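This is what each chain is made of:
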Amino acid sequence: MGKSYNIAVIPGDGTGPEVVREARKVLSAAALKFGFGISYHEFDFGGDRYLRTGEILPDSAVGELRKYDSILLGAIGHPDVRPGILEKGILLRLRFELDQYINLRPVKLYPGVTTPLKNKGPEDIDYVVVRENTGDVYTGSGGVIMKGTPDEVAIQNMVYTRFQVDRCLRYAFEYARKRNRKKILALCGKTNVLTYVFDLWERAFHEIGASEYPDIKREYYHVDATCMWMVKNPEWFDVIVTGNMFGDIITDLGAITQGGMGIAAGGNINPEGVSMFEPIGGSAPKYTGKNVINPLAAICSGGMMLEHLGEDKAAVAIEKAVMDITANKIRDLSAGKMGYGTAEVGDLVAERV
Ligand code: IPM
Ligand code: MN
């Protein structure tokens, strides 16, 4: 008898619950096939609960979530709640308090999927972004004075410690080594303007790389140039490591090159603690409850979760099943254009697993 995993599920807002349902379907099929157990415990954190009770995240939540093997999250963001409240109060708080210091976002074009990049195919678009997930302008350092007056001053600081940078870089170097493809780690920064923060990143990058990872080739790109090459020559990339804000931006660009939010998966990883897997796309309120949203991103996030838990075979089976579907069944990955409903797509993947 294999292992059994306790998974905390936060379906969240909008289409989150619909896509999470399909991810669970596929994960359970994989568990059955590969001989491990999986049990789920749902938490109702999100906009509806906030509007009903005024509570964003109960104080006990983080301690409670720490007890699980992993967390699967649908989406956070509600049209009736001012932007920032739920995102900061739930998503970012969990990332910070659970110290999920890596946001791992693969950019991979699956067979059959249309990319807006001309003359590029699955062999060209296959790399991983390692986004630092705890520092940068996300820390909330800064403030506002004289608000509402013509003299208003707003400050939001980009903050990084050497400790945060080192642990992120080591993860990225290890990842490039384990991935064993081109063995190139590209640092994406802005050393020509952010001469404190990215000087720190660049020095740490070369120090750690030279002394601990001589087998990994190091490259550096400014973030603006990174965007350009992600469009023009995505085949150059293997693993990209970057700060929190740049990572947020370039992974949306990456996502659209792999077919859009319907397929883009990610994981908030604490290598020594509890990790949380989530599709990159938001809560898509206008599609809520219509059975049209694409669940593949959530399903692929579930696959990443299994890989993280050490169920490599099951993770590979999920990815293969998804590839079979993109190659043979679904021409357009966008919501409402798949030719199948959300639940049917889940069925198709589960059957193949
Ligand atoms: C993401 C999202 C979040 C982020 C928002 C919702 C806070 O855009 O996961 O990429 O900026 O990290
Ligand atoms: Mn984002």
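Definitions and limits used
- Residues numbered from 1 in each chain as written.
- Chains lettered and ligands numbered in written order.
- Predicted model: local features only at pLDDT ≥ 70, side-chain atom pairs only at ≥ 80, totals over all residues.
- Heavy atoms only, no water.
- Core = buried A, V, L, I, M, F, W, Y, C linked by side-chain atoms within 4.5 Å.
- Buried < 20%, exposed > 50% of the residue type's maximum accessible area, 1.4 Å probe, protein only.
- Contact = heavy atoms within 4.5 Å.
- Near = heavy atom within 4 Å.
- Polar contact = N/O pair within 3.5 Å; in protein donor to acceptor, adjacent residues only side chain to side chain.
- Areas by Shrake-Rupley, 256 points an atom, 1.4 Å probe, with all protein chains shown as cover.
- Helix = DSSP H or I, 4+ residues; strand = E, 2+ residues; numbered from the N terminus.
- Nonpolar A, V, L, I, M, F, W, Y, C, P; charged D, E, K, R; others polar.
- Phe/Tyr/Trp six-rings, centres within 6.5 Å; stacked < 30°, edge-to-face > 60°.
- Lys NZ or Arg CZ within 6 Å of the ring centre and 35° of its normal.
- Bend = angle between axes of the 7 residues up to and from the residue.
- Pairing = 2+ DSSP bridges.
- Right-handed = clockwise from strand over helix to strand, strands pointing away.
- Salt bridge = Lys/Arg side-chain N within 4 Å of Asp/Glu carboxyl O.
- Domains from an automatic or database assignment.
- Buried area = accessible area lost by both parts, 1.4 Å probe.

Comments concerning the nonpolar core
Here comes step 1: Core analysis: the largest hydrophobic core is formed by 85 residues, its most contacted members being Trp-201 and Leu-306.
Here comes step 2: Discounting chain neighbours no more than four positions away, the residues touching Trp-201 are Glu-132, Tyr-160, Val-165, Cys-168, Leu-169, Leu-187, Val-241, Thr-242 and Gly-243.
Here comes step 3: Grouped together as the second largest cluster of nonpolar side chains are 20 residues, Ile-10, Phe-45, Leu-73 and Val-81 included.

A short note on the site of ligand 1
Here comes step 1: Contacts to ligand 1 come from Glu-87, Leu-91, Arg-95, Arg-105, Arg-131, Tyr-138 and Asp-248.
Here comes step 2: Interatomic distance of 2.8 Å between a side-chain N/O atom of Arg-131 and an oxygen atom of ligand 1.
Here comes step 3: Between ligand 1 and Asp-248, the relevant distance is 2.9 Å, taken from an oxygen atom to a side-chain nitrogen or oxygen of the residue.
Here comes step 4: Protein chains bury 76% of the 320 Å² of accessible surface belonging to ligand 1 in isolation.
Here comes step 5: Considering every element that reaches the shell around ligand 1, the biggest residue donor is helix α4 (residues 85–97), with 3 residues.
Here comes step 6: Classifying every residue of the shell around ligand 1 by side-chain character gives 2 nonpolar, no polar and 5 charged.

Remarks on the packing of aromatic side chains
Here comes step 1: Scanning the model with the defined rule gives 12 aromatic pairs in all.
Here comes step 2: Summarising the aromatic geometry, the rings of Tyr-160 and Trp-201 are spaced 5.2 Å apart at their centres and angled 85° between planes, so their arrangement reads as edge-to-face. Residue Tyr-160 is located in the loop between β7 (153–156) and α5 (162–179), and its partner Trp-201 is located in helix α6 (residues 197–212); the two are separated by 41 residues in the primary sequence. Per residue, the accessibility class of Tyr-160 equals that of Trp-201, and both read buried.
Here comes step 3: Among the aromatic residues, those joined into a cluster by ring pairs are Tyr-160, Phe-198, Trp-201 and Phe-246.
Here comes step 4: For Arg-24, the ring lying beneath its charged end belongs to Tyr-40, and the centroid distance is 4.1 Å.
Here comes step 5: Above the ring of Phe-34, the side-chain terminus of Lys-33 is found at 5.8 Å from the ring centroid.

Digging into α4
Here comes step 1: Its maximal kink placed at Leu-91, α4 deviates by approximately 25°.
Here comes step 2: The set of residues buried in α4 consists of Leu-86, Gly-89, Ile-90, Leu-91, Leu-92, Leu-94 and Arg-95.
Here comes step 3: Asp-99 lies just past α4 and shows a positive phi near 50°.

Let's talk about the pairing of strand β9 (residues 217–222)
Here comes step 1: Bridging between strand β8 (residues 184–189) and β9 involves 6 bridges; their strand directions are parallel. Bridge pairing in β9 places Gly-189 opposite His-222.
Here comes step 2: Crossover β8 to β9 through α6 is right-handed.

Some words on unusual backbone geometry
Here comes step 1: Backbone geometry places Asn-180, a non-glycine residue, at a positive phi of 55°.
Here comes step 2: With respect to the helices and strands, Asn-180 occurs in the loop between α5 and β8.
Here comes step 3: Positive phi, close to 40°, is recorded for Ala-284, a residue that is not glycine.

With respect to the pattern of salt bridges
Side-chain pairs of opposite charge can arise whenever the charged atoms involved come near each other.
Here comes step 1: Scanning the entire structure with this criterion turns up 25 salt bridges.
Here comes step 2: Ionic pairing is found between Arg-24 and Glu-42, a salt bridge with its closest N-O pair at 2.8 Å. Here Glu-42 lies in strand β2 (residues 37–42) and Arg-24 lies in helix α1 (residues 16–34), a separation of 18 residues in the sequence.
Here comes step 3: Using a relative accessible area of 24% as the deciding quantity, one classes Arg-24 as partly exposed.
Here comes step 4: By sharing partners, the salt bridges in this structure join Asp-44, Arg-49, Arg-52 and Glu-55 into a single network.

Some points on the side chain of Thr-15
Here comes step 1: Within the secondary structure, Thr-15 is located in the loop between β1 (4–12) and α1.
Here comes step 2: A residue is classified by how much of its surface remains accessible, and Thr-15, at 2% relative accessible area, is buried.
Here comes step 3: Not counting chain neighbours up to four residues away, the residues in contact with Thr-15 comprise Gly-282, Ser-283, Ala-284, Tyr-287, Thr-288 and Ile-293.

Some words on the domain arrangement of the chain
A common way to report how large an interface is uses the accessible area buried once the components associate.
Here comes step 1: Parsing the chain into structural domains produces domain 1 (1–103 + 264–353) and domain 2 (115–258).
Here comes step 2: Using C-alpha coordinates to define each centre, domain 1 is positioned 24 Å away from domain 2.
Here comes step 3: Listed by partner, the interface residues are 13 residues for domain 1 and 13 residues for domain 2.
Here comes step 4: Of all residues in domain 1, the largest losses of buried area upon contact with domain 2 belong to Phe-96, Tyr-101 and Asn-103, amounting jointly to 43% of the total for that side.
Here comes step 5: On the surface where domain 1 and domain 2 come into contact, there are 1 salt bridge.

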